[in-house]
Amino acid sequence: MSGQYTPPPRVGDAAPRRHRGLARIPVVGPVCIMVVVASLWLGWQRYFHPPVPAALSPWMEHNQGVVYRPQGTTLSVSLPSMPNEMTVKVVFGPGRQGSARVARSVAGDHEILVVWLVAPADVLNSPGSDPVTLAADFAGRAGGFKILVPRNVQHHGRPAIEGVIDRDGLDGRALVVLDGNSVFAVLVSGATEPEAGFEFLVDSFGVGPAPQ
């Protein structure tokens, strides 16, 4: 009988095993998860802590702005530069018209506006109306902006509305405060990073002594 002789395996000899190296473990899933988490984190940081544009850096980071206190008001706020003031007409209702003051400060492609006016008390407190919502509407008419998603807040103990705005096609944010029947507003709008500077602006925004 011809053929090659194959000796039987010896006791203790292990059958050959396939080595499953770590390189064979799929890593696509974990990498995708890490990318998604990193993207969400960066988006969160960018929304709540937007980068400071170069034009706003002297004001926000180096205290090179001005403290603006218009005469005849209790208003005080920090601005990038001394603003230009103007008077605009505001319609409060049928046959009811008044005026508002608007101060405009410019830094790069950012505009920072301050608006103040006195609204008729009977209009603000008309039955079925919300005074702070009306105040935001009046301030928006004076400053040429509209709060798209209003949110009721408090500012130094006073009722206020804050939110994202549209102003002549530019995005931004605004805060409107009602103090009795006096209406005050500050806002930032711009073509790039419209959120930048808003919290800094609001932190410096005072409308008089705290209510007793």
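In what follows, the structure referred to is the one given above.
Everything numeric here is computed off the predicted structure, so don't read it as measured data. (Residues numbered from 1 in each chain as written. Predicted model: local features only at pLDDT ≥ 70, side-chain atom pairs only at ≥ 80, totals over all residues. Heavy atoms only, no water.)

### Some details on the pattern of salt bridges
It is possible for side chains bearing opposite charge to pair when their charged atoms get close. For the coordinates displayed, the defined rule picks out 9 salt bridges. Linking E85 and R101 is a salt bridge whose minimum nitrogen-to-oxygen distance equals 2.4 Å. In this pair, E85 sits in strand β3 (residues 84-93) while R101 sits in strand β4 (residues 96-107), placing the two residues 16 residues apart along the sequence. E85 sits in the partly exposed class, given a relative accessible area of 38%. On the accessibility criterion, R101 (28% relative accessible area) is partly exposed. A salt bridge links E162 to R151, with the nearest nitrogen and oxygen atoms 3.0 Å apart. Of this pair, E162 sits in strand β8 (residues 158-167) while R151 sits in strand β7 (residues 151-155), and the two are 11 residues apart along the sequence. (Salt bridge = Lys/Arg side-chain N within 4 Å of Asp/Glu carboxyl O. Helix = DSSP H or I, 4+ residues; strand = E, 2+ residues; numbered from the N terminus. Buried < 20%, exposed > 50% of the residue type's maximum accessible area, 1.4 Å probe, protein only.)

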